[in-house]
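# Structural characterization, general
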Amino acid sequence: MTDVFKQHRIIARITGELPEIPEGLKDDLEIRRQGDRIQIVDSGSLSVVLKWLAGADLEDVYIQPLGLRAVYDRFHRTDLVYGDDDGHQKGTGG
């Protein structure tokens, strides 16, 4: 249960492509992208994710800790943030 509270959701607008995901992060990220909007959920170290994202063209970045409500929303509220699961990609940059 404590692992849930170590997760973060990063929401932003993206104007280009994401940099290639480092090998050590691929299993720790869940990425959803629809148009110029992106949502990243990390289950690893936030500082490592932010270093990776420093190479991306992001605007209006919002970071929130993931609590139980956010976990529920991820699985049961597909209308939140970016619509349905068509934009859902795990461990990929686009």
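Above this text sits the structure in question.
A brief structural summary. (Residues numbered from 1 in each chain as written. Predicted model: local features only at pLDDT ≥ 70, side-chain atom pairs only at ≥ 80, totals over all residues. Heavy atoms only, no water.)

The phi torsion at D60 lies on the positive side, around 50°, for a residue other than glycine. By the element assignment, D60 lies in strand β4 (residues 58-65). Relative accessible area serves as the criterion here: at 58%, D60 is assigned to the exposed category. (Helix = DSSP H or I, 4+ residues; strand = E, 2+ residues; numbered from the N terminus. Buried < 20%, exposed > 50% of the residue type's maximum accessible area, 1.4 Å probe, protein only.)

Attention shifts here to the nonpolar core. Counting residues in hydrophobic clusters, the biggest one holds 14 residues, and the most contacted among them are L18, L29, I31, I40 and W52. Listed by contribution, the elements that provide at least two residues to this core are β1 (8-14), β2 (29-34), β3 (37-42) and α1 (46-53). Ignoring anything within four residues of it in the chain, the contact list for I40 reads H8, R9, I10, L29, E30, I31, W52 and L53. (Core = buried A, V, L, I, M, F, W, Y, C linked by side-chain atoms within 4.5 Å. Contact = heavy atoms within 4.5 Å.)

This part covers the environment of Q64. Secondary-structure assignment places Q64 in strand β4. The spatial distance from the C-alpha of Q64 to the C-alpha of I10 is 6.6 Å, given a sequence separation of 54 residues. Apart from residues lying up to four places away in sequence, Q64 is in contact with Q7, H8, R9 and I11.

Bringing the pairing of β3 into the picture now. The element β3 is extensively covered by neighbouring structure, given that five of its six residues are classed as buried. Where β2 and β3 come together, six bridges link them in antiparallel fashion. In the strand pairing of β3, R32 is matched with Q39. Between β2 and the antiparallel strand that follows it, β3, lie two residues; G35 among them carries a positive phi value of about 65°. (Pairing = 2+ DSSP bridges.)

Turning our attention to α1. The set of residues buried in α1 consists of V49, W52 and L53. Around the axis of α1, the buried residues are gathered within 95° of arc, so they sit on the same side. Check the buried side of α1 and you find it contacts β1, β2, β3 and β4. (Arc of directions from axis to C-beta.)

What follows concerns a nonpolar patch on the surface. Nonpolar side chains collect at one region of the surface, where L50, V61 and I63 lie side by side and expose about 220 Å² of accessible area between them. Tracing the sequence through the fold places L50 in helix α1. When its relative accessible area of 37% is taken as the criterion, L50 is described as partly exposed. (Patch = residues over 30% accessible without salt bridge, like charges linked within 9 Å, V, L, I, M, F, W, Y side chains within 5 Å. Areas by Shrake-Rupley, 256 points an atom, 1.4 Å probe, with all protein chains shown as cover. Salt bridge = Lys/Arg side-chain N within 4 Å of Asp/Glu carboxyl O.)

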